[in-house]
Amino acid sequence: MDALETRELRYFIAVAEELHFGRAAERLGMAQPPLSRAIQRLEKHLGVCLLDRDRRGVRLTGAGQVLLHEGRAALDATAAAARRTRRSGSTDHPGGPRERLVIAVKAAASHDLLQRLLDAYAAEPDAAEIEVLAGGFTEQEQMLRDGRADVALLIVPFNSLAGFDSEELLTEGRIAVLPARHPLAARTVLSMADIGDVPDLPIARWPRHGVYAPGPGPEVRDHTQLAQLIALGRTMAVVPDSARTWLWHQHAAVPLTDAPPVHTHIAWPPHSRSLALASLIRTATRLIPDTAPAH
């Protein structure tokens, strides 16, 4: 039998992410010996070695790396099935609430696009209720994968479209957001080389799948924190042009001449059978000719 239990996957993923049986056991709220035995049974069941263990620590084998990737996707799919089924079931009773769709968006990004989409969809006959789930820099992809959202506005290259159906809605350039009093703020345009090594103003770092890239810039978690640090003269940021909507008067936005463009897509699970979601996607695609960013 090739079937795996979700419990086995949770155990393995905890060890694979911590690379330490003690920390993984603490994270799972269990003792270490039964966790070690569970991983050994899993390896025997699959007929492969998942972890290399020696006095230097724990490392993933090639097979372990595959199971970590596939196991995360499997647990996401299980969670998504439960969450979306629960939302759908709330509309089964006569006189109950109307269908609800959850759309995941990046906080403070593409506000104009999102507002036009919501307004156009609300005018559709039998439109579902829309809940907007705003998250951090790259959280929307995970929200869609694990079922917290039914549809998402994903920004490429920061999010991956792998495994989703999608339609591109907006392409835009990037700007450098700097403290208004900084000398670079007086420039009409900048290049990536101009901002790549400014000792007193390092570029802010966002997490990607929970991990921050190395660099001198401060680690930021949300736009409020970022805006504050820029206003204080501690950092700068490279963001899509539509981010102008959240700038403060203490900020300056300067176009970047050679930064690659960013693309906003509406994305959804390919297996969805929701008529309300299909209607929302049709509404979004009708907006495409009108989605040039406004300043």
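The shown structure was predicted, so the numbers you read here are calculated from the model rather than taken from an experiment. (Residues numbered from 1 in each chain as written. Predicted model: local features only at pLDDT ≥ 70, side-chain atom pairs only at ≥ 80, totals over all residues. Heavy atoms only, no water.)

**Student:** Please explain the sheet that holds strand S7 (residues 174-179) as it appears in this structure.
**Tutor:** The strands making up a sheet associate through backbone hydrogen bonding, with each pair oriented either parallel or antiparallel. Strands sit in the order S10-S7-S11 across an open sheet of three strands; the sheet is antiparallel. In the strand order of this sheet, the two ends are held by strand S10 (237-240) and strand S11 (251-255), each with one partner. Sheet twist, expressed as the mean angle between neighbouring strand axes with direction ignored, is 35°. Bridging between S7 and S11 involves five bridges; their strand directions are antiparallel. Each bridged residue has a counterpart across the sheet, and for isoleucine 175 the counterpart in S11 is proline 255. (Pairing = 2+ DSSP bridges. Helix = DSSP H or I, 4+ residues; strand = E, 2+ residues; numbered from the N terminus. Axes fitted to C-alpha atoms, helices over the stretch in contact; angles between N-to-C directions.)

**Student:** Whenever I open this one, the pattern of salt bridges confuses me. Can you help?
**Tutor:** Pairs may arise between side chains of opposite charge once their charged atoms sit close together. Applying the stated rule across the entire model yields 18 salt bridges. When the shortest N-O distance is used, the salt bridge between glutamate 124 and arginine 286 registers 2.7 Å. Of the two residues, glutamate 124 is situated in the loop between helix H5 (111-122) and strand S4 (129-135) and arginine 286 in helix H9 (residues 275-286); the sequence distance between them amounts to 162 residues. Note on arginine 286: relative accessible area 48%, which makes it partly exposed. (Salt bridge = Lys/Arg side-chain N within 4 Å of Asp/Glu carboxyl O. Buried < 20%, exposed > 50% of the residue type's maximum accessible area, 1.4 Å probe, protein only.)

**Student:** Any chance you could explain the domain arrangement of the chain here in plain terms?
**Tutor:** Accessible area lost when the parts come together is the quantity often used to give the size of an interface. For the chain, the domain assignment lists domain 1 (6-86), domain 2 (98-172 + 262-287) and domain 3 (174-256). One C-alpha centre belongs to domain 2, the other to domain 3, and the line joining them spans 26 Å. Facing the 14 residues of domain 2 at the interface are 13 residues of domain 3. The interface formed by domain 2 and domain 3 holds zero salt bridges in total. Run the count over domain 2 and domain 3 and you get three residue pairs in polar contact (both at pLDDT 80 or more). Looking at side-chain class alone, the side of domain 2 that touches domain 3 contains six nonpolar, five polar and three charged residues. (Domains from an automatic or database assignment. Contact = heavy atoms within 4.5 Å. Polar contact = N/O pair within 3.5 Å; in protein donor to acceptor, adjacent residues only side chain to side chain. Nonpolar A, V, L, I, M, F, W, Y, C, P; charged D, E, K, R; others polar.)

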